[in-house]
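Residue strings, one per chain:
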Amino acid sequence: MRIFTAALATETNTFSPICIDRRAFEASLYAPPGMHPETPTLCSAPITVGRQIAVQKGWDVIEGTATWADPAGLVNRLTYEELRDEILGQLRAAMPVDAVVLGLHGAMVADGYEDTEGDFLSGVREIVGPDILVCAELDPHSHLTEKRLAAANFFVYFKEFPHTDFVDRAEDLWRIAIDTLEGRVKPVMSVFDCRMIDVFPTSREPMRSFVDKIMAMEKSDADILSISVIHGFMAGDVPEMGTKLLVVTDNKPDKGSAIARDLGLELFSKRGTFIMPQIDEKQAVSQAMAATSGPVVIADLWDNPGGGTAGDATVVLQELLDRGAADTAIGTIWDPMAVQICMAAGEGAEIPLRFGAKSAPGTGNPIDGHVKIIRLVTNAEMRFGESFAPFGDAAHIQLGGIDIILNSTRAQSFDPSLFSVMGIDPTAKKILVIKSTNHFYASFSKIASEILYCSAGTPYPNNPARTPYRRARKDIWPMVADPHAAERKDA
């Protein structure tokens, strides 16, 4: 067998002011054919798993380019077209192939391309023809479109949020692909539109039990090859935004449709109960300062670079400064210019510095103060599961007794190593402030005495009922109370 594999991915917050060009992909991951590291990144696990398959099966797995940009705003049109055409050109050169196995995200939007993955997959299908297997692993925070369904044989999505299972799901993807190529199964996709948009952390109920249920169904029913919840991405202002339920069966489309509908309506019945309880910055700081043990983790959940924001909001930091908080560390505030100034000044220097809150309204005000530069690190990285996430040149500064990490490459706070690499012992702090919605949970929950989910400022469009969408549909919950009411009445 000859199988082509590649990855092209980013997550686009169409409301974000931070646009993506080729430099953003190169800063996060750009690996030409054969140059992908041994450890997988979030959307490139099909490549590293494919290497194992090549050894196990003796197949010829041909690697194309793998590239990923950290989430932000609109992708530059020429950048997308160049990367797309680079990979499609590699596929043409690899022909003939028996299958194409891809790593995608599912929420990329480029200038002129609302459905980039649909465009890319259509290009793949045009090259290989109608009879060659095309499949992909995707992030659930994405958009499942008709164009993508028409171009691919099947999709597998991460089940966990935080996304701790991207390697497991890549293994599922390859397992189904192998069974298809060897004639044991014929994958068929069935989709139910839940007609809603919500946030579904699997680190808490009720989503934890729902994911456990669908995984048990996969194991107990031979007809079911895979079940995925496509959460949707509320910061993507595109026409097919929303939550969907995908069931891949072994050539049982009617059965798959019935299962997808039942599970989708079950999910809809729990709408609004999934997301973590949130408090504002005043309550979060009060609770953290009153705690008798630490570290208390304050998750500034809507200033999350993993959702495309800048990660430079200062609302929580300002509250901590105003309240005289001690034994506190902030990781991170994105400010490349401030980092550059600190790098020029050097470790140990004490300088006046303005930093943060430059990207957009709703992020607070820039912080002005006389800071001490404690540590400078070039090309800093933190752990993220089995891989590493870069956060660029970084500066550890102190202001008002608070340790603050300034970074030059936007990255959400995945792991406590974010602090330790900058010379801060996270377990010794009473309060840790991080920028992440829920990906932090898997690692920070191991050291936290308490986790507080803080909604501070408005850096992210987190209330779909009030978000000024221009392209997204308006006939889903919470824009309307019950979009399934008419269907149930007719039934």
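Computed from a predicted model, the values in this text were never measured in an experiment. One numbering rule holds for all chains: residues counted from 1, following each sequence as written. The predicted nature of this model means local features are confined to residues of pLDDT at least 70 and side-chain atom pairs, given and counted, to a pLDDT of 80 or more, with totals for whole chains, interfaces and linings taken over all residues. Calculated side-chain values reflect all of the structure's heavy atoms, with hydrogen atoms and water omitted.

(A) Quick look at the UniProt feature "domain: Microcystin LR degradation protein MlrC C-terminal" (unreviewed entry) in the protein. UniProt positions are given in the numbering used here, feature names are shortened, and annotations may be inferred rather than shown by experiment. Here, the residues flagged by UniProt with the feature "domain: Microcystin LR degradation protein MlrC C-terminal" (unreviewed entry) are residues 298–471. Helix and strand labels come from DSSP, where a helix needs a run of H or I of at least four residues and a strand needs a run of E of at least two; each type is numbered from the N terminus. Taken end to end, residues 298–471 comprises 15% helix and 36% strand; its first and last C-alpha atoms sit 34 Å apart.

(B) Layout of the side chain of T467. When you line up the elements, T467 lands in the loop between strand 17 (450–454) and helix 14 (485–490). Exposed residues in this analysis have more than 50% of their type's maximum accessible area, buried residues have under 20%, and partly exposed residues fall in between, with area computed by a 1.4 Å probe over protein chains only. Classification of T467 as buried rests on a relative accessible area of 10%. If we skip the residues at most four places from it in the chain, T467 touches F15 and P461. Contact between two residues is taken to exist if any of their heavy atoms lie within 4.5 Å; hydrogens are not considered.

(C) Structural view of the sheet that holds strand 13 (residues 367–384). Between any two strands, pairing holds if DSSP finds at least two bridges. Taken in spatial order, the eight strands of this open sheet run 12-13-14-15-11-16-10-17, and their pairing is mixed. Every interior strand has two partners, whereas the edge strands, strand 12 (350–355) and strand 17, have only one. Between one strand axis and the next, the sheet turns through 30 degrees on average, direction left out of account. Pairing of strand 12 with strand 13, which is carried by six bridges, proceeds in the antiparallel orientation. Across the sheet, residue L353 finds its bridge partner in strand 13, namely G369. Between N-to-C directions, angles cover 0 to 180 degrees, with each direction set by a line fitted to C-alpha atoms, over the stretch in contact for helices. Seen against the sheet, helix 9 (residues 281–290) touches strand 10 (296–300), strand 16 (431–434) and strand 17 and runs at an angle of roughly 165 degrees to strand 17.

(D) Molecular detail of the domain arrangement of the protein. Annotation of the protein at the domain level lists domain 1 (2–270) and domain 2 (281–454). One C-alpha centre belongs to domain 1, the other to domain 2, and the line joining them spans 32 Å. Once two parts are put together, the accessible area they lose, assessed with a 1.4 Å probe and summed over both, is termed the buried area. Together, the buried faces of domain 1 and domain 2 total about 1700 Å²; carbon and sulfur atoms form 62% of this surface. Pairs of N or O atoms within 3.5 Å make up the polar contacts considered here, provided that, within protein, one atom can donate a hydrogen while the other can accept it, and that residues adjacent in sequence are counted only when both atoms are side-chain atoms. Taken together, the links from domain 1 to domain 2 amount to seven residue pairs in polar contact (both at pLDDT 80 or more). Among the elements of the structure, helix 1 (22–28) and helix 6 (166–181) are those that each provide at least two residues to the side of domain 1 that touches domain 2. Gly is put with the polar residues, along with every residue not named as nonpolar or charged; the nonpolar set is Ala, Val, Leu, Ile, Met, Phe, Trp, Tyr, Cys and Pro, and the charged set is Asp, Glu, Lys and Arg. Looking at the side of domain 1 that touches domain 2 residue by residue, the class counts come to 14 nonpolar, eight polar and two charged. Domain extents, as shown, originate in an automatic or database domain assignment.

(E) Structural view of the packing of helix 7 (residues 207–220) against helix 8 (residues 253–269). Where helix 7 contacts helix 8, the axes come no closer than 12 Å and their chain directions differ by 170 degrees. Accordingly, the angle class assigned to the pair helix 7 and helix 8 is roughly antiparallel. Where helix 7 approaches helix 8, its residues M207, F210, K213, I214 and M217 are matched on the opposing element by I259, L263, E266 and L267. Tallied by class, residues from the contact of helix 7 with helix 8 come to seven nonpolar, no polar and two charged. An angle below 35 degrees is treated as roughly parallel, one above 145 as roughly antiparallel, one from 65 to 115 as roughly perpendicular, and anything else as oblique.

(F) Quick look at the packing of aromatic side chains. Aromatic pairs are defined between Phe, Tyr and Trp rings, using the six-membered ring for Trp, whenever the two ring centres lie within 6.5 Å; interplanar angles under 30 degrees are classed as stacked, those over 60 as edge-to-face, and all others as tilted. A complete count under the given rule lists 12 aromatic pairs for this structure. The structure contains a cluster of three or more aromatic residues connected by ring pairs, namely F419, F440, Y441, F444 and Y453. Whether a charge lies above a ring is judged from NZ of Lys or CZ of Arg, which has to be within 6 Å of the ring centre and within 35 degrees of the ring normal. Between the NZ or CZ atom of R22 and the centre of the ring of Y30, over which it lies, the distance is 4.9 Å.

(G) Spotlight on the pairing of strand 16. Going residue by residue along strand 16, you find I431 and V433 tucked away on one face and L432 and I434 tucked away on the opposite face as well. Alignment of strand 10 against strand 16, held across four bridges, turns out to be parallel. In the strand pairing of strand 16, A299 is matched with I434. Pairing geometry for strand 11 (residues 328–334) and strand 16, over four bridges, is parallel.

(H) Region of the structure containing the sheet that holds strand 5 (residues 133–138). If you trace the six strands from one edge of the open sheet to the other, you get 2-3-1-4-5-6, paired in mixed fashion. The sheet terminates laterally at strand 2 (29–31) and strand 6 (154–157), the two strands that pair on one side only. Mean inter-strand twist for the sheet, computed between neighbouring axes without regard to direction, equals 20 degrees. On top of the sheet, helix 2 (residues 45–57) reaches strand 1 (2–9), strand 3 (60–68), strand 4 (99–104) and strand 5; it is set at about 165 degrees to strand 3, its chief contact. The sheet strands contacting helix 3 (residues 77–94) are strand 1, strand 2, strand 3 and strand 4, and the helix crosses strand 1 at an angle near 175 degrees.

(I) Geometry of the side chain of R125. Looking at where R125 falls in the secondary structure, it is placed in helix 4 (residues 116–128). With no salt bridge to any partner, buried R125 finds its closest opposite charge in D131, at an N-O distance of 7.1 Å. There is a polar contact of 2.9 Å between the side chain of R125 and the backbone oxygen of G129. Beyond its immediate sequence surroundings of up to four residues, R125 is in contact with P130, D131, I132, V134, A151, A152 and N153. A positive count includes Lys and Arg, and a negative count includes Asp and Glu. His and the chain ends are not counted in either. The term salt bridge refers to a side-chain nitrogen of Lys or Arg lying within 4 Å of a carboxyl oxygen of Asp or Glu.

(J) Here's a closer look at helix 6. Helix span, expected: 1.5 Å multiplied by one less than the number of residues in the helix. Between the first and last C-alpha of helix 6 there are 22 Å, a value that for 16 residues agrees with the 22 Å anticipated at 1.5 Å per step. The first or second residue beyond helix 6 is G183, which carries a positive phi of 80 degrees.

(K) The arrangement of the environment of E319 in detail. Tracing the backbone through its elements, the reader meets E319 in helix 10 (residues 315–322). In this structure E319 comes out as buried when scored by relative accessible area, which is 8%. In the structure, E319 is positioned 37 residues away from K282 in sequence and 6.8 Å away in space, judged by C-alpha atoms. E319 has contacts with E281, K282 and V285, leaving out every residue within four places of it along the chain.

(L) Up close: the UniProt feature "domain: Microcystin LR degradation protein MlrC N-terminal" (unreviewed entry) in the protein. According to UniProt, the feature "domain: Microcystin LR degradation protein MlrC N-terminal" (unreviewed entry) maps to residues 2–289 in the numbering used here. Secondary structure within residues 2–289 divides into 39% helix and 20% strand; the distance between the first and last C-alpha atoms comes to 59 Å.

(M) How the structure looks around the pattern of salt bridges. Applying the stated rule across the entire model yields 37 salt bridges. With a closest N to O distance of 2.6 Å, E114 and R471 form a salt bridge. A residue pair is termed long-range when its members are at least 10 positions apart, and E114 in the loop between strand 4 and helix 4 and R471 in the loop between strand 17 and helix 14 qualify at 357 residues. Where K282 meets E319, a salt bridge forms, and the shortest distance between an N and an O atom there is 3.4 Å.

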